[in-house]
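Summary of the model geometry
Here are the chains, one letter per residue:
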Amino acid sequence: RQLYRHTDFHWKQESKTSFSIQWDLYCGREYLLTIVGSAYFAGGLIGAFVGGIISDLIGRKKGCLIGYSTVIVSTFATAASPVIGLLIMSRFIQGIGCAMNVTGITILSLEYVPQKYRAACNSTLQVFWT
């Protein structure tokens, strides 16, 4: 039994599926997988710059709250995306929010931690982002 109309791939169990099959991302459309991943990092590039500016203008805590709110909303939009365009857009926005958080939380932690502990605090914080 053929699982999907464009392929001769067969699952060993009837109930299996994959992201690529659900979104029809093969047979000439594999590039869309790369775009979905790249959109996140493109958003991160913008979010790193925007996050610093927003944190300077309205404060570190408020900047981080905006970043976290952006991540939460865009994560739900990513999960509920009915079309590939919305998935790419929500991943882009998710990247913006994540980079805003990295920028804001790094600066915020350095402002609150005493000078002799800043290097250790920043190193520990960055371990969780990689």
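Conventions and cut-offs
- Residues numbered from 1 in each chain as written.
- Predicted model: local features only at pLDDT ≥ 70, side-chain atom pairs only at ≥ 80, totals over all residues.
- Heavy atoms only, no water.
- Salt bridge = Lys/Arg side-chain N within 4 Å of Asp/Glu carboxyl O.
- Buried < 20%, exposed > 50% of the residue type's maximum accessible area, 1.4 Å probe, protein only.
- Core = buried A, V, L, I, M, F, W, Y, C linked by side-chain atoms within 4.5 Å.
- Helix = DSSP H or I, 4+ residues; strand = E, 2+ residues; numbered from the N terminus.
- pLDDT = per-residue confidence, 0-100.

On to the pattern of salt bridges, then. The final tally for this structure, using the stated rule, is 2 salt bridges. For the salt bridge of D56 with R60, the shortest nitrogen-to-oxygen distance reads 2.8 Å. For D56, a relative accessible area of 57% translates into the label exposed. As a salt-bridge pair, E111 and R60 come within 3.0 Å of each other at their nearest N and O atoms.

Residues L32, V36, A39, I84, L87 and I88 constitute the largest nonpolar core, which totals 6 residues. For this core, the secondary structure elements donating two or more residues are α2 (31-58) and α4 (84-112).

Let us now look at the confidence of the model for the protein chain. Of all residues in the protein chain, 78% attain a pLDDT of 70 or more, and the chain-wide mean is 83. Considering each helix and strand of the protein chain separately, the mean pLDDT is smallest for helix α1 (residues 19-22), with a value of 66, and largest for helix α3 (residues 60-79), with 93.

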